[in-house]
Amino acid sequence: MLDRLSFPQPWLSLLLFSIWQLLADGVGGGSVVVGLILAWGIPQLTQSFWPERPAVFKAWRLPGYLLLVLWDIVIASFEVAWLIISPRRPEPMFISYPLQLDCPQAIAILASTISLTPGTVTADISDDHKNLLIHALDTRTAEEVIKAIHNRYEKPLMEMFQ
């Protein structure tokens, strides 16, 4: 009985409840009740779609990682803009990136980070979750991209999730 009353994704439930209250005309008995039903019901209905939670997640490392990614997005935006307006032709390349991460959430964050950074995009992940296929807009060697991604993104994610 208590399992049915639990919140399988408490942060999602809190977010759903908060968003519902912000969208409602005002905080009242009806909006609180509906918000609680949505905060409980949506995670219950979507529970089978959520992956297992990571065993260890060091959340205090996340702000530093986000600042690093934001900085890299800004710098890469200028680099791509310069590449576009310069007469030099880009040297695009597909790269098979060997993953050391094994946590699905960390792999998803890494793939998203690569795609968010201008000039690179994650095109595919292997069936065994051991390689990412990455398209780099301008690179001379695959090793340079692999080393940069490993040192800047994968290592911090490994520290967060393992």
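Right above here is the structure, for reference.
Parameters at a glance
- Residues numbered from 1 in each chain as written.
- Predicted model: local features only at pLDDT ≥ 70, side-chain atom pairs only at ≥ 80, totals over all residues.
- Heavy atoms only, no water.
- Helix = DSSP H or I, 4+ residues; strand = E, 2+ residues; numbered from the N terminus.
- Rg over C-alpha atoms; globule rule 2.2 N^0.38 Å.
- Buried < 20%, exposed > 50% of the residue type's maximum accessible area, 1.4 Å probe, protein only.
- Contact = heavy atoms within 4.5 Å.
- Areas by Shrake-Rupley, 256 points an atom, 1.4 Å probe, with all protein chains shown as cover.
- Lys, Arg positive; Asp, Glu negative; His and termini not counted.
- Charge placed at Lys NZ, Arg CZ, Asp CG, Glu CD.
- Pairing = 2+ DSSP bridges.
- Axes fitted to C-alpha atoms, helices over the stretch in contact; angles between N-to-C directions.

Student: Lay out the overall build of the chain in plain terms, naming residues and giving numbers.
Tutor: When helices and strands are counted, the chain shows 6 helices and 3 strands. In the chain, the succession of helices and strands from N to C terminus is α-α-α-α-β-α-β-β-α. A compact globule built from 162 residues would reach a C-alpha radius of gyration of about 15 Å, whereas the chain, at 21 Å, exceeds it by more than 25%. Projecting the C-alpha coordinates of the chain onto the three principal axes gives extents of approximately 65 × 35 × 25 Å. By the burial criterion, 27% of the 162 residues in the chain qualify as buried. Nonlocal contacts in the chain, meaning residues at least 24 apart in sequence, comprise 72% of its contacts between residues at least 6 apart. As displayed, the chain has an accessible area near 10900 Å², and 68% of this comes from carbon and sulfur atoms. For the chain, the distance from the average site of its 11 positive side-chain charges to the average site of its 15 negative ones is 5 Å.

Student: Let's hear about the sheet that holds strand E2 (residues 120-125): which residues, and what values?
Tutor: Spatially, 3 strands are ordered E1-E3-E2 in an open sheet, and the strand pairing comes out antiparallel. Of all the strands in the sheet, the pair left with one neighbour each is strand E1 (93-98) and E2. Pairs of neighbouring strands in the sheet enclose a mean axial angle of 30 degrees, with direction left out of account. As paired strands, E1 and strand E3 (residues 131-136) are joined by 6 bridges and run antiparallel to one another. Along E3, the bridge assignment pairs Tyr97 with Leu132. Sheet strands in contact with helix H5 (residues 104-116) are E1, E2 and E3, and its direction is about 140 degrees off that of E2. In the packing of helix H6 (residues 142-161) onto the sheet, the strands contacted are E1 and E3, and the crossing angle to E1 comes to about 50 degrees.

Student: So what about the side chain of Thr139? Which residues, and what values?
Tutor: Its location among the elements puts Thr139 in the loop between E3 and H6. Discounting residues that sit within four places of it in the chain, Thr139 has contacts with Glu91, Met93, Ile95, Glu144 and Val145.

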